[in-house]
Amino acid sequence: MNSSIKVLIFVFLTFLTLSSFSQSSNKELFNRIDTYLEASVTNGFSGVVLVSKKGEIILSKGYGWADRENKIPNSPSTVFNIGSVTKQFTASAILKLVEQGKIKTSDKISSYIIQTPIDKRDITIHQLLTHTSGISNRTGGFRYNEASKQQFLKEFFESELQSKPGAKYQYANANYIMLTVILESVSGQTYSSFLNDYLFEPSQMKSTGYKSINFSTERLAHGYYYNRNDEQWEDWGTTQQHLPFNDKHWYSIGKGDIHSTIEDLYKWHLALKNKVVLTSKTKEIQETPYVAENDKMTSYYGYGWAISQSNRDTKIVAHNGSNGLYFADFVRFLDDDDDVVVIYITNAFLGSESENVAREIGKMIFDSNYTTTPISKNIYELIHEFMKTNPSVNAEKLPDFLKKELNNEFNDHAILNRLAYSRLKKEEKPAWALELFKLNVKLFPEDGNLWDSLGEAYLKYDKKEEAIKSYTKAVELGSEGSTKILNELLKKN
C-alpha cells in the first residue's frame, strides 16, 4: 500500500476516533449540567442556560416557567432582562464612536456637555467606562421612575464626588448613564437606534434591544419574587410593563435593562470573536484589565467587562447583572484551548446560589470529577415551610433544618429579624415572632441591633423585665437608639 494512502487512512481514523470521543464527552457534560439544573427546578429554579465549547453549543435549554399563570415554559428564545450585562453594549457603542474617529476615550466630558461644573470638568470617558470618575453609586434615582435627561444631568452635576476623578474604583451606574448622554449627543441618534444599527443588526441579534419589541410578548419572561410578608411567590410582570414608554427613562438607560435571549448573547460572543462589530485592536482595548475591583486584586474592570484569571491561569472575561428579580451572567473563558462560553439568565432569584450557576457550570466543564448540589429553595420560603409544619417551641431546630437544606451554615443576621417583624404585625400573642427574635440573638449574641429588636417584641407582649434586659444588652453592644428607650423603661419601672 502506498505510504501516502496509509497516512490518509491514519488521519481519517484518528479524526473519527477524536470525533467520537468529543461527542461522548460532550454528551456526558450535557447530562451533568442538565441533571443539576433539572434538580434545581424542583426547588423553584427557572431560567435559561447556554454552554458552548470549541465553537460547538453543548447545551441550550430553558428550565421552569417564563409565565407561570399561562404555563409558558422558558426556552432558548425566551427574552429576559439582562441587567448590567447591558454595560458591555454601552461600552461597545462608545468604542464604535472611537473607531469612527468621533471621540477619544481620553476626552473630558466637559468637551461634550457645556454645563459641566468645575469639580467634574476633568472626568474622562475612560474614567466613566472604568467606574473611576469618583461619582457616587447613589447618584440617580430608582431605575423605573421617570426622569428626563436634564433631571439626571442636574443630579449628576450637583452630587458630591466620593474621590478625585481617576483615583479610585467605585462601581456606579451613573457612569454608564452619562456615557449614554455623550453617545446620543455625538451620534445624533437615540441610544436604541445606535445600538441597533451598529451592534445588534450586524450581529443578527433580532430579539435584543432597549424597550422596543418586534416579537410576540409571550416570549417575554416574567420576573418572580418571594413576598416574605404574604408568604408566597408573586409575579412582578415584565420589564416593559415597568419602563415608561417615553423618553423619560434616564435612571435606567445605558446601565441596565436591555432585554435579550441566550441565543442572541451567543451571537454577540461570535460577533466579537469574529470582529464583526469591533476590530481586534478595539476588542483588545475593551478587554484590558484597567483597574482592580477589589483589594485582593482578583478581578479587574475593563470597558463594560470584568477581567479575571482562572485557577488554570487563563483569562476570563465576564459580566453579570440584576434588577433584583432577574439575574444574568455572561462568562467567556477566552484563553482556554476549549474556548468555553457560559450564558445564564434566571427570572426567579432564589438566593446567593442563583448568582453562582455559571461559575458552577464552569467548574463542571474543566473538572470532570466536580460535583455540585441543586440550587436550594428561597430561604424565606424554606423558613415559612418549617414554621407551617412546626410549633414555635421548635424554633431552635430551625438552624439545623436550614443547614441541611442550604448545604452550609446559616450566618445572615438580617433574615430572621425581617421575618420576625413580619410576624409581629400578625400575631397578637407570643408565638413565632418572639421565638425568631430570641433565636436570632442566640445565633448572633454580639449584634446589639438584634437585642434591640428582641426588646421591642417583649414590649409588645408587655414583658417589661425581659425588655429591659434586652435593651440593656443592646446598649452594652453599642446599638444606637436603644439608650433612650431603656431610660424610659427604667423610669417607669
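As a starting point, this report considers the structure included with it. Everything numeric in this text was worked out from a predicted model, so none of it was measured. (Residues numbered from 1 in each chain as written. Predicted model: local features only at pLDDT ≥ 70, side-chain atom pairs only at ≥ 80, totals over all residues. Heavy atoms only, no water.)

### Quick notes on the overall build of the protein
Here's step 1: The number of helices and strands found in the protein is 17 helices and 14 strands.
Here's step 2: Overall, the C-alpha framework of the protein stretches about 100 × 70 × 45 Å when taken along its three principal axes.
Here's step 3: By residue count, 52% of the 493 residues in the protein fall in the buried class.
Here's step 4: Residue pairs at least 24 apart in sequence account for 65% of intrachain contacts in the protein once pairs closer than 6 positions are excluded.
Here's step 5: As displayed, the protein has an accessible area near 23300 Å², and 50% of this comes from carbon and sulfur atoms.
Here's step 6: On the protein, the mean spot of the 58 positive side-chain charges and the mean spot of the 61 negative ones are 2 Å from each other. (Helix = DSSP H or I, 4+ residues; strand = E, 2+ residues; numbered from the N terminus. Buried < 20%, exposed > 50% of the residue type's maximum accessible area, 1.4 Å probe, protein only. Contact = heavy atoms within 4.5 Å. Areas by Shrake-Rupley, 256 points an atom, 1.4 Å probe, with all protein chains shown as cover. Lys, Arg positive; Asp, Glu negative; His and termini not counted. Charge placed at Lys NZ, Arg CZ, Asp CG, Glu CD.)

### Some words on helix α14 (residues 432-443)
Here's step 1: In a regular helix each residue adds 1.5 Å, so 12 residues correspond to 16 Å; α14 covers 16 Å between its end C-alpha atoms and thus fits that length.
Here's step 2: What α14 keeps buried is the set Trp432, Ala433, Leu434, Leu436, Phe437, Leu439, Asn440 and Val441.
Here's step 3: Of the surrounding elements, those touching the buried residues of α14 are α11 (379-389), α12 (398-406), α13 (413-424) and α15 (448-460). (Expected span 1.5 Å × (residues − 1).)

### Thoughts on the packing of aromatic side chains
Here's step 1: Across all of its chains, the model carries 23 aromatic pairs by this definition.
Here's step 2: When the centroid spacing of 5.8 Å and the interplanar angle of 55 degrees are considered together, the rings of Phe152 and Phe156 count as tilted. Taken together, the positions of Phe152 and Phe156, both in helix α4 (residues 149-158) and four residues apart, correspond to about one turn of that helix. Here Phe152 and Phe156 have matching classes, each one buried.
Here's step 3: With a centroid separation of 5.7 Å and an interplanar angle of 70 degrees, the aromatic rings of Tyr226 and Trp233 are classed as edge-to-face. The burial state of Tyr226 is the same as that of Trp233; both residues are buried.
Here's step 4: An aromatic cluster is built from Phe45, Tyr63, Phe327, Tyr344 and Phe349, whose rings are joined through pairwise contacts.
Here's step 5: Directly above the aromatic system of Phe366 lies the positively charged group of Arg312, at a separation of 3.5 Å from the ring centroid. (Phe/Tyr/Trp six-rings, centres within 6.5 Å; stacked < 30°, edge-to-face > 60°. Lys NZ or Arg CZ within 6 Å of the ring centre and 35° of its normal.)

### Looking at unusual backbone geometry
The phi torsion of most residues other than glycine is negative, and most of the peptide bonds are trans.
Here's step 1: Positive phi values are uncommon outside glycine, yet Lys54 reaches one of about 55 degrees.
Here's step 2: Residue placement: Lys54 occurs in the loop between β1 (47-53) and β2 (56-63).
Here's step 3: For Gln204, which is not glycine, the phi torsion reads 60 degrees and is therefore positive.
Here's step 4: Its place among the elements puts Gln204 in the loop between α6 (191-200) and β6 (223-227).

Read these as layout, nothing more, since geometry by itself doesn't imply function.
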